[in-house]
Amino acid sequence: MNKAFQLIFWGYLFIFFRIHIGFDLLADPIGYYLIYAGGRLMAERFPVAKKVEIVAFIGMLISVPGIFVNLAEVNSGIWDLYAEGLFVWKVIVVYYLFGTWKSAIQGLGHARLRDRVQMTYVWYMGIHFLMMLYSSFSLNVGGNSWSSLFLFLSLMVIAMDIVLLVLIAALRRVGWEEPI
Amino acid sequence: MKVRLFWVIMALIGISWVANFIYAQSQKLEQPVFLNHFIDVRTYDNQYVTFYYLTNKEDQSFIQVVELGDIRGLPERVGSNDGVREIDQFGRYSLREVTVQFSPEMSGTPTAPQRFTEMNVYFSEEKPTTYPIGQIVFHPWEEQVQPFTFVSTHAGIHMEERVRIAEPIMIESVNNSFENELRDHLFVKLQSAQDFASEQTAYEYGDKEWNEVKGTDARAVKFPVKLKTDDWLAIKSFIDPELHAVLDMAIGLKGKTDTGEPFTVPAGYMYYPHLDKQAVQTIIRERTGAGSNE
């Protein structure tokens, strides 16, 4: 299990960070593969993790075009839509990850950790929902204050990504091999 | 239960996307909308004209060349988007400006002013199309007597040009190239005094209401107005803000010097409209004819 969390940690890191030099060095497909591998390990003990396997695998395939195009710089309609799609898929993968962790942590007596997982879930999803809602209205709204809001939401999304990574690291340190 | 809630919210967000997309498509401009411009171009000055137009936010096109009748204009292709600069954003639409250099002498030397109300524009992503742009007049070079010395210009809510009279003259009328269109929207006041030095009243900073600005409305002035050397004259102009048009025109003072020579001296007037979302909707509605939903 610890190994699984390790894989998931690195996987998410790959998805979260983009170091784009000619192409994305921390490529998304690799990140999704790592999450897929982590999900497979988890599924041995928690069958619900199968869903993580599936969505991570799909994520691996659909994020391939993103390697070659720097999505932050491109301005065309199609790529914008694609970037939005990747964002949505990331949220879905994380949703299933949380589902797996919540059921995994149920048996153990870690009440505080359980609360922390739930709290992180609410904040992570809340911020991401706001960002997706914002994007939908961006078709019709513009101007300076709207752009400032984007900056704010982007920073919040980054903060949530970091919070998630920290949570994954904490989950890894749980004594998963102990008898329930 | 949190499980279901997630998908419900995702579905709602999906609906928001679809609704916004449909709305955006319905509000989409089929082609750019140029603001109304009222511009005097003197073919002996630099012939750069800046045009303003509204287009969809996502429009990436630039302008390759424009034509006013026979006169070609080339946009200055500098900057990131080949010369097109975004000035402001109003919801779905973006206000852009482009500076065009015209070469009127290439179409022969005109002897009379040439007036255009439409411009043929070659956008990079569209077929060449003719757009109404207001009115633009090209004035041929004319040898002119200059009985004034321009002293200063002040621009605020109203614009003010101050001149000092260089020789005794008689002003017979005040006019401009767009009398018909601007009659109810452009207001001019004249103020003069005998002694330049003593009546050096300060500019009316603080941008007074036009009603309170000193001077006599040009329509009420009893022409001809006689002025002596060293008198000063202020030409004050004000445009109705509801006009939402771009002005770069001349308010001409016509008359004769005491030695009988005629003159027409242009006092420049530039105005750039302050636009808000409502003004933009009005402009678009007037141009496209159809009602637009807000």
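Anything mentioned here points back to the structure above.
Residues numbered from 1 in each chain as written. Chains lettered and ligands numbered in written order. Predicted model: local features only at pLDDT ≥ 70, side-chain atom pairs only at ≥ 80, totals over all residues. Heavy atoms only, no water.

**Re the overall build of chain A**
When helices and strands are counted, chain A shows 6 helices and 2 strands. Moving toward the C terminus, one meets the helices and strands of chain A in the order α-β-β-α-α-α-α-α. Buried residues in chain A amount to 49% of all 180 residues. Residue pairs at least 24 apart in sequence account for 70% of intrachain contacts in chain A once pairs closer than 6 positions are excluded. Surface exposure of chain A reaches about 9,100 Å², of which carbon and sulfur atoms provide 69%. (Helix = DSSP H or I, 4+ residues; strand = E, 2+ residues; numbered from the N terminus. Buried < 20%, exposed > 50% of the residue type's maximum accessible area, 1.4 Å probe, protein only. Contact = heavy atoms within 4.5 Å. Areas by Shrake-Rupley, 256 points an atom, 1.4 Å probe, with all protein chains shown as cover.)

**Remarks on helix α3 (residues 277-288) of chain B**
Residues and elements named next belong to chain B. For α3, with 12 residues, the first-to-last C-alpha span of 16 Å sits near the 16 Å given by 1.5 Å per residue. On its buried side, α3 packs onto β1 (33-34), β3 (48-56), β6 (85-90) and β7 (93-102). Looking one or two residues beyond α3, the residue adopting positive phi is G289, at roughly 80 degrees. (Expected span 1.5 Å × (residues − 1).)

**Notes on the side chain of A:D161**
Looking at where A:D161 falls in the secondary structure, it is placed in helix α6 (residues 144-172). A distance of 3.1 Å separates polar atoms of two side chains, one belonging to A:D161 and the other to A:K90. (Polar contact = N/O pair within 3.5 Å; in protein donor to acceptor, adjacent residues only side chain to side chain.)

**Quick look at the nonpolar core**
Of all hydrophobic cores here, the largest spans 55 residues; its most connected members are A:W101, A:M125 and A:L164. Those elements that provide at least two residues to this core are α1 (2-16), α2 (28-45), α3 (50-62), α4 (77-104), α5 (111-137) and α6 of chain A together with α1 (2-26) of chain B. Of the residues forming this core, the biggest block, 12 residues, is contributed by α4(A). Apart from residues no more than four positions distant in its own chain, A:L164 is found in contact with A:Y12, A:V94, A:F98, A:W101 and A:Y124. Core analysis: the second largest hydrophobic core is formed by 31 residues, B:F38, B:V137, B:A218 and B:I251 among them. (Core = buried A, V, L, I, M, F, W, Y, C linked by side-chain atoms within 4.5 Å.)

**A look at the side chain of B:S237**
Residue and element names in this part refer to chain B. Inspection of the secondary structure assignment puts S237 in strand β16 (residues 232-239). On the basis of relative accessible area, S237 is assigned to the buried category, the value being 3%. Among all residues touching S237, those that are not within four sequence positions of it are H158, M159, L186, F187, V188, W210, I251 and Y269.

**Here we look at the pairing of strand β9 (residues 129-139) of chain B**
All names here are of chain B. Buried residues dominate β9, accounting for 9 of its 11 residues. Here strand β2 (residues 36-42) pairs with β9 via 6 bridges, running parallel. Residue F38 lies in a different strand from β9, and its bridge partner there is Q135. Direction of pairing for strand β8 (residues 114-123) relative to β9: antiparallel, over a ladder of 7 bridges. Looking at β9, one finds that R115 is bridged to V137. (Pairing = 2+ DSSP bridges.)

**As for the packing of α1(A) against α4(A)**
Residue and element names in this part refer to chain A. Across the interface, α1 lies against α4 with an axial gap of 13 Å and an inter-helix angle of 160 degrees. As the angle between them shows, α1 and α4 are arranged roughly antiparallel. Of the two elements, α1 crosses α4, and the hand of that crossing is left-handed. In contact with F5, I8, Y12 and I15 of α1, α4 contributes K90, V94, L97 and W101. (Axes fitted to C-alpha atoms, helices over the stretch in contact; angles between N-to-C directions. Parallel < 35°, antiparallel > 145°, perpendicular 65-115°, else oblique. Left-handed = near helix turned anticlockwise from the far one by under 90°.)

**Section: the sheet that holds strand β13 (residues 186-193) of chain B**
Residue and element names in this part refer to chain B. The antiparallel open sheet is built from 5 strands, whose spatial order is β10-β11-β16-β13-β14. Looking at the sheet topology across the chains shown, the edges are occupied by β10 (148-155) and β14 (216-217). The pairing of β10 with strand β11 (residues 159-165) spans 7 bridges and is classified as antiparallel. In the sheet register, T149 faces β11, and the bridge partner there is R164.

**As for the packing of aromatic side chains**
Residue and element names in this part refer to chain B. Taken as a whole, this structure holds 30 aromatic pairs over all chains when the rule is applied. Through pairs of rings, three or more aromatic residues link up here, namely F34, F51, Y53, F102, F116, F123, Y131 and F138. Over the aromatic face of W210 sits the side chain of K189, whose NZ or CZ is 4.7 Å from the ring centroid. (Phe/Tyr/Trp six-rings, centres within 6.5 Å; stacked < 30°, edge-to-face > 60°. Lys NZ or Arg CZ within 6 Å of the ring centre and 35° of its normal.)

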